[in-house]
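Listed here are the chains, written in short residue letters.
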Amino acid sequence: MGPRTFGLVLVGLILMGGNCSRARVESMNEMNAGVELAQMKRFSEAAESLEKAAAIDPTNHQAYFNLAIVRIELRAFSAAREALERGIVAKPDVPGYHEKLGTVLMELEDWKGAQAAFTKALELDPTLFKAHFKLGRCSEELEDPQNALHQYTDAIKTGPRFLPSYSALGRLYADLRYPDHAAQVLTEALKVAMPGTEEEANIHHLLGTVYQQQRKFDEAIAEFQKALGIVPGMSDALFSLGWTYGLQGNDEEAKRYLDKYVMMAGTDAPEHYVKAARDRLAELRTESP
């Protein structure tokens with residue numbers, strides 16, 4: 001298992017030269033022990049070692065960062081936030097610390113705090129494409145869609161192979177009723193998607209919903225079929241395909257795919273979608289001669 005498992009930082013004292021104080025040496029030894037425990041997934045013990053490391057030398061910013069990573073693994077997000085804030089006090093100019101703080105604040109649904117953290121991370125390093133992406137998410141939560149569009153666009157520019165940015169930008173354009181822009185973004189996404197992956201299937205599905213919004217039913221159906229060709233049991237695509245066939249007036253195919261959707265929809269399926277599919281099936285069967 002490598003030294004950066006879980007995003008942890010393992011530091012060899014030999015790399016630090018001979019100017020270390022006794023406290024720093026003890027802190028680093030305790031920190032490295034904590035990292036090794038975390039790599040064995042012994043997270044509670046790892047947290048104890050990392051807390052000791054930080055207590056021995058409060059200037060050891062890496063101990064706070066590693067402690068935050070372990071607390072994230074333990075889903076203790078408030079404690080992770082505290083560790084990152086202390087790490088930032090000790091070393092305020094590390095962009096990754098601010099980005100990780102923003103990520104934790106998103107988990108805590110502190111969208112304004114997360115926005116401030118990502119903004120600071122990007123001031124320090126404008127190339128952090130995931131920070132742009134997450135800042136876009138925050139902007140949407142804070143009902144600022146224009147800034148979200150801007151951040152998702154910057155995320156694509158700085159990380160052109162990171163597909164979630166394309167999906168988010170395409171979806172937002174569609175939500176804002178700019179389907180041509182949405183289709184253009186999603187078509188670009190297909191050029192960088194790994195063939196045959198679930199990510200590619202999701203892009204095809206999203207592009208299909210945009211075409212459906214434009215009432216380009218043939219194009220929409222083709223995209224949903226491509227999604228199902230990659231992931232045959234993709235429930236969203238089954239529903240969308242059945243619904244689009246219904247809009248097109250192809251009742252037999254509508255029934256076939258909506259039946260499949262209802263049959264395959266698990267407990268995680270949105271209840272309103274399942275109800276809509278059942279209601280539409282009832283209508284189609286009533287309309288049948």
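Keep in mind it's a predicted model, so treat the numbers as computed, not measured. (Residues numbered from 1 in each chain as written. Predicted model: local features only at pLDDT ≥ 70, side-chain atom pairs only at ≥ 80, totals over all residues. Heavy atoms only, no water.)

**Q** Teacher, can you tell me more about the overall build of the chain here?
**A** On a plain count of helices and strands, the chain comes out with 15 helices and 0 strands. Projected onto its principal axes, the C-alpha positions of the chain cover 85 × 35 × 30 Å. Classification of the 289 residues of the chain by burial places 45% in the buried group. Here the chain has roughly 15000 Å² of accessible surface; of this, 51% comes from carbon and sulfur atoms. Placing the 32 positive and 41 negative side-chain charges of the chain at their respective mean positions leaves the two points 2 Å apart. (Helix = DSSP H or I, 4+ residues; strand = E, 2+ residues; numbered from the N terminus. Buried < 20%, exposed > 50% of the residue type's maximum accessible area, 1.4 Å probe, protein only. Areas by Shrake-Rupley, 256 points an atom, 1.4 Å probe, with all protein chains shown as cover. Lys, Arg positive; Asp, Glu negative; His and termini not counted. Charge placed at Lys NZ, Arg CZ, Asp CG, Glu CD.)

**Q** In this structure, what is going on with unusual backbone geometry? I would like to understand it.
**A** Glycine aside, the phi torsion of most residues is negative, and most peptide linkages are trans. Positive phi, close to 60 degrees, is recorded for arginine 75, a residue that is not glycine. As for its placement among the helices and strands, arginine 75 is situated in the loop between α3 (61-73) and α4 (77-90). Unusually for a residue other than glycine, arginine 177 sits at a positive phi of about 70 degrees. Positionally, arginine 177 belongs in the loop between α9 (163-175) and α10 (179-192).

**Q** I'm lost on the packing of helix α6 (residues 111-124) against helix α7 (residues 129-141) in this one. Help?
**A** When two helices pack together, you describe them by how their axes are tilted relative to each other and by the distance separating the axes. At a minimum axis distance of 9 Å, the contact between α6 and α7 shows a crossing angle of 150 degrees. Relative to α7, the element α6 lies roughly antiparallel. Considering how the two elements wind past one another, α6 and α7 form a crossing that is left-handed. Mapping the contact onto sequence places Trp111, Ala114, Gln115, Phe118, Thr119 and Leu122 in α6 and Ala131, His132, Lys134, Leu135, Arg137, Cys138, Ser139 and Glu141 in α7. By residue class, the composition of the contact of α6 with α7 is 7 nonpolar, 4 polar and 3 charged. (Axes fitted to C-alpha atoms, helices over the stretch in contact; angles between N-to-C directions. Parallel < 35°, antiparallel > 145°, perpendicular 65-115°, else oblique. Left-handed = near helix turned anticlockwise from the far one by under 90°. Contact = heavy atoms within 4.5 Å. Nonpolar A, V, L, I, M, F, W, Y, C, P; charged D, E, K, R; others polar.)

**Q** Whenever I open this one, the layout of surface pockets confuses me. Can you help?
**A** With a probe scaled to a water molecule rolled over the atoms, the places where space remains empty come into view. Considered as a void within the structure, the largest pocket measures approximately 260 Å³ in volume. Residue assignment for the lining of the largest pocket shows that the elements contributing at least two residues are α11 (198-213) and α13 (235-248). When residues in the lining of the largest pocket are grouped by element, the largest group, 4 residues, is from α13. Grouping the constituent residues of the lining of the largest pocket by class yields 5 nonpolar, 4 polar and 1 charged. (1 Å grid on protein atoms, 1.4 Å probe; cavity = no way out; pocket = protein on both sides within 12 Å on 5 of 7 lines; lining within 4 Å. Points joined across faces, edges and corners; volume = space filled by probe spheres on them.)

**Q** Explain the pattern of salt bridges here, please?
**A** As a working rule, side chains carrying opposite charge can pair if their charged atoms are close by. Here the structure, examined in full by the defined rule, presents 16 salt bridges. Lysine 91 is the partner of aspartate 93 in a salt bridge, and the nearest nitrogen-oxygen pair spans 3.9 Å. Lysine 275 serves as the salt-bridge partner of aspartate 279, at 2.8 Å between the closest nitrogen and oxygen. On the criterion of helical spacing, the pair formed by aspartate 279 and lysine 275 is a turn pair, its members being 4 residues apart in helix α15 (residues 271-287). Looking at lysine 275, the relative accessible area reads 52%, which means it is exposed. (Salt bridge = Lys/Arg side-chain N within 4 Å of Asp/Glu carboxyl O.)

**Q** Hey, could you run me through the confidence of the model for the chain in this one?
**A** As a note on interpretation, predicted positions should not be read in detail where pLDDT is low. In this model, the chain carries an average pLDDT of 91, and 92% of its residues clear a pLDDT of 70 or more. Considering only residues more than four positions removed or in separate chains, one finds that residues 1-6, a stretch of pLDDT under 50, has 14 contacts. (pLDDT = per-residue confidence, 0-100.)

**Q** Teacher, can you tell me more about the nonpolar core here?
**A** Across soluble globular proteins, nonpolar side chains have a tendency to be buried as a group. In terms of nonpolar packing, the biggest core is built from 47 residues, with Tyr152, Tyr166, Leu169, Leu228, Leu241 and Tyr261 touching the most fellow members. Taken together, the elements giving at least two residues each to this core come down to α8 (145-158), α9, α10, α11, α12 (217-230), α13, α14 (251-264) and α15. When residues of this core are assigned to their parent elements, the largest contribution, 7 residues, is made by α9. Contact partners of leucine 241, with chain neighbours within four places excluded, come to Ile221, Phe224, Gln225, Leu228 and Tyr257. Of all hydrophobic cores here, the second largest spans 37 residues; its members include Ala53, Phe65, Leu84 and Ala117. (Core = buried A, V, L, I, M, F, W, Y, C linked by side-chain atoms within 4.5 Å.)

**Q** Whenever I open this one, the packing of α7 against α8 confuses me. Can you help?
**A** The contact between α7 and α8 brings their axes to 8 Å, and the two run at 165 degrees. Our classification of the angle between α7 and α8 gives roughly antiparallel. Between α7 and α8 lies a crossing whose hand is left-handed. Counted together, Phe129, His132, Phe133, Leu135, Gly136, Arg137, Ser139 and Glu140 of α7 and Asn147, Ala148, Gln151, Tyr152, Asp154, Ala155 and Thr158 of α8 form the full contact between these two elements. Classifying every residue of the contact of α7 with α8 by side-chain character gives 6 nonpolar, 6 polar and 3 charged.

**Q** How should the side chain of glutamine 151 be read in this particular structure?
**A** As for its placement among the helices and strands, glutamine 151 is situated in helix α8. If near-sequence neighbours (up to four positions away) are discounted, glutamine 151 is found in contact with Leu122, His132, Leu135 and Gly136.

**Q** Just checking my understanding: could you explain the side chain of histidine 132 for this structure?
**A** With respect to the secondary-structure elements, histidine 132 resides in helix α7. We classify histidine 132 as buried; its relative accessible area is 8%. Reaching out from histidine 132, the side chain makes a polar contact with the side chain of glutamine 151 at a distance of 2.8 Å. Leaving out residues up to four positions away in the same chain, histidine 132 has contacts with Leu122, Pro126, Gln151, Asp154, Ala155 and Thr158. (Polar contact = N/O pair within 3.5 Å; in protein donor to acceptor, adjacent residues only side chain to side chain.)

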